[in-house]
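Structure assessment
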Amino acid sequence: MDLGEKISLLAGAAKYDASCTSSGSGAFQGSGPRGQAAGTRGRKQGFGLSLPAGVCHSWTKDGRCVSLLKVLYSNVCRFDCAYCVNRSSADTRRAAFTTTELVDLTGEFYRRNYIEGLFLSSGIFADPDIVMEKLIETAKKLRTEAGYGGYIHLKIIPGTGEKLIREAGTWADRLSANIELPTDKSLQTLAPEKSGKVILGAMEEVFRTSVQYEEDRRRIKSTPAFAPAGQSTQLIVGASGEDDRQIIALSGALYRKFSLRRVYYSAFIPVGIPGRGGIPDPRLPAIPGPPLVREHRLYQADWLLRFYHFTAAEILDEATPYLDAHLDPKCAWAIKHTARFPLEINRADYEELLRVPGIGAKTARRIIEVRRSRSLSFDGLRRLGVVLKRARYFITLSGSFLDRPDDPDRIRRRLSDSDGAGLQLPLFEF
Ligand code: SF4
């Protein structure tokens, strides 16, 4: 098989992994030799950007789009995870790179400004330590022999020993161990060779080692960085029966316990297994398409966990185990707690402002700063970034209302996606 075919096959096999964006990472912000972003370049004339197969686009913390070469080392896998196109029982073409091929390819793509980083994962074609050694060898050669200073994200192969996890973090910017399914029961059904305990153990090792390196660096300045862009994981949504409450509770615990930079939610894509006439595995649910709205709401709820100081139990409870498909989770929470509103903007503290729909973390900080020196008006709030379309039901300004939080049903109707307030803005609105 020639290199072009390998790229196409092994990049296609990697595309279902959502956990490779560099969001939350400072690695692309010029913070050192690994952070020298080249910038995505298009053609000089005309428009459009033609990039080779395997290049995916991701976003940095500051919203910039970056390109990663996202490939598997090999799509040969001993495991038989029901939701995966690379599972051992799938009758699909198999291939593997050599380390030299991957090093040359990454270097070449980087020099041509096709990519700003590498995301490298693999099927489990041998003992987990042997597979992990191949990924580490690639990263190490890139750094030490090819002089590569770009971003590297390595997947931790389930079952890898602690020593190799520690070594991986010395060459990679980010590490990730995909937990995939929220409970052991689901793992046993859909990914019987995987163990939640082993995956969580890998996350704990990354966390422990990061803390250790951090402490060492305080004493010895020359201590090298360990996975400076932190660790992330991916959860597949809709392949098993867990509700949103279980998923958000797990994410909350992972952020708390292991300081994860990101949890990615990937709507289960009911793909047929190649070579079997597109027939899906019978252990999987028969759904018409990926649950994208659910995935979108989970990302919004995750945002509340990471930036708005909500706990998982505040977002969903036993009586409400699923996120509202028509309301973003912050609006849903505020409507459920109308007794806490309206909030007087001139007196509310930062934590209270964060709870108001239409007020983000940056805007809350600006309000507190500006109100020290001058009085605010509703127009002034708008200029500071407050989305009054949402906030109007929950705030007063020097005692004046724009609207009243007296009828939760009415507010719900006004804020639900049907009037556009809860949805992302459409690109083309006629
Ligand atoms: S371990 Fe499971 S999810 Fe990973 S490549 Fe193998 S079959 Fe796919």
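As the structure is a prediction and not an experimental result, all values here were calculated from the model.

1. Quick look at the overall build of the chain
Within the chain one finds 15 helices and 9 strands. A fraction of 68% describes how many contacts in the chain between residues 6 or more apart in sequence connect residues 24 or more apart.

2. Topic: the environment of R372
One can find R372 in helix α12 (residues 361–373). Residue class for R372 comes out exposed when judged on its relative accessible area of 67%. Expressed as a C-alpha distance, the spacing of R372 and N346, which sit 26 residues apart in the sequence, is 9.2 Å.

3. A few points about the pattern of salt bridges
Per the counting criterion, the structure on display carries 24 salt bridges. We note a salt bridge from R219 to D216, for which the minimum N-O separation is 2.8 Å. Of this pair, R219 and D216 both sit in helix α6 (residues 196–219), 3 residues apart, which is roughly one turn of the helix. R219 gets classed as exposed once you look at its relative accessible area, which sits at 61%. A single network of salt bridges, built from pairs that share partners, joins E162, R166, E204, E205 and R208.

4. Side note on the packing of helix α3 (residues 128–144) against helix α4 (residues 162–171)
As a packed pair, α3 and α4 sit with axes 9 Å apart at the nearest point and diverge in direction by 25°. Judged by the angle between their axes, α3 and α4 are roughly parallel. Here the hand of the crossing between α3 and α4 comes out left-handed. From α3, D129, M132, E133, I136, A139, K140, R143 and T144 reach across to α4, where they touch L164, E167, A168 and W171. Of the residues that constitute the contact of α3 with α4, the class distribution is 6 nonpolar, 1 polar and 5 charged.

5. Quick word on the packing of aromatic side chains
Tallied over the entire structure, the rule returns 10 aromatic pairs. Consider the rings of W333 and F341, whose centres lie 6.2 Å apart with planes at 90°: the pair is edge-to-face. Residue W333 shares its accessibility class with F341, and that shared class is buried. Note on Y393 and F394: the rings are 6.2 Å apart at their centroids and 75° apart in plane angle, and the pair reads as edge-to-face. For the pair formed by Y393 and F394, the shared burial category is buried. Members of the aromatic cluster, each reached through a chain of ring pairs, are F310, W333, F341, Y393 and F394. Taking NZ or CZ as reference, R355 lies 3.7 Å from the ring centre of F310, over its face. Stacked on the ring of W333, the Lys or Arg R355 has its end atom at 5.0 Å from the ring centre.

6. Thoughts on unusual backbone geometry
Between F341 and the following residue, P342, the backbone shows a cis peptide bond with an omega angle of 5°. Positionally, P342 belongs in the loop between α10 (329–336) and β8 (343–344). Of note, A227 is a non-glycine position whose phi angle comes to about 35°, a positive value. Relative to the elements of secondary structure, A227 occurs in the loop between α6 and β6 (231–237). By relative accessible area, which is 4% here, A227 ends up buried. For S259, which is not glycine, the phi dihedral falls at a positive 50°. As for its position among the elements, S259 is in the loop between α7 (244–258) and β7 (262–267). Residue classification places S259 among the partly exposed positions, given a relative accessible area of 45%.

7. Let's talk about the side chain of T209
Mapping T209 onto the fold places it in helix α6. Polar side-chain contacts of T209 include one of 2.7 Å to the backbone oxygen of E205. Apart from residues lying up to four places away in sequence, T209 is in contact with R166 and F226.

8. Overview of the site of the ligand
Lining the immediate environment of the ligand, one finds C77, F79, C81, C84, R87, G123, I124 and K194. Considered class by class, the residues forming the shell around the ligand number 5 nonpolar, 1 polar and 2 charged.

9. A short note on the environment of D406
As for its position among the elements, D406 is in the loop between β9 (395–396) and α15 (408–415). According to the relative accessible area criterion, D406 is exposed, its value standing at 56%.

10. Re the side chain of T160
Structurally, T160 can be placed in the loop between β4 (151–155) and α4. By relative accessible area, T160 is classed as buried at 10%. In terms of polar contacts, T160 uses its side chain to reach the backbone carbonyl oxygen of I157, at 2.6 Å.

11. Quick look at α7
Given a rise of 1.5 Å per residue, 15 residues ought to cover 21 Å, and the 21 Å separating the end C-alpha atoms of α7 matches this to within 8%. For α7, the set of buried residues is D244, I247, I248, L250, S251, G252, L254, Y255 and F258. Contacts from the buried residues of α7 go to α6, β6, β7, α8 (292–307) and α9 (312–315). Capping the start of α7, D243 holds a side-chain oxygen 3.2 Å from the backbone nitrogen of R245, two or three residues further along. Of the residues flanking the end of α7, it is S259, one or two places downstream, whose phi is positive at about 50°.

Cut-offs and rules
Residues numbered from 1 in each chain as written. Predicted model: local features only at pLDDT ≥ 70, side-chain atom pairs only at ≥ 80, totals over all residues. Heavy atoms only, no water. Helix = DSSP H or I, 4+ residues; strand = E, 2+ residues; numbered from the N terminus. Contact = heavy atoms within 4.5 Å. Buried < 20%, exposed > 50% of the residue type's maximum accessible area, 1.4 Å probe, protein only. Salt bridge = Lys/Arg side-chain N within 4 Å of Asp/Glu carboxyl O. Axes fitted to C-alpha atoms, helices over the stretch in contact; angles between N-to-C directions. Parallel < 35°, antiparallel > 145°, perpendicular 65-115°, else oblique. Left-handed = near helix turned anticlockwise from the far one by under 90°. Nonpolar A, V, L, I, M, F, W, Y, C, P; charged D, E, K, R; others polar. Phe/Tyr/Trp six-rings, centres within 6.5 Å; stacked < 30°, edge-to-face > 60°. Lys NZ or Arg CZ within 6 Å of the ring centre and 35° of its normal. Polar contact = N/O pair within 3.5 Å; in protein donor to acceptor, adjacent residues only side chain to side chain. Near = heavy atom within 4 Å. Expected span 1.5 Å × (residues − 1).

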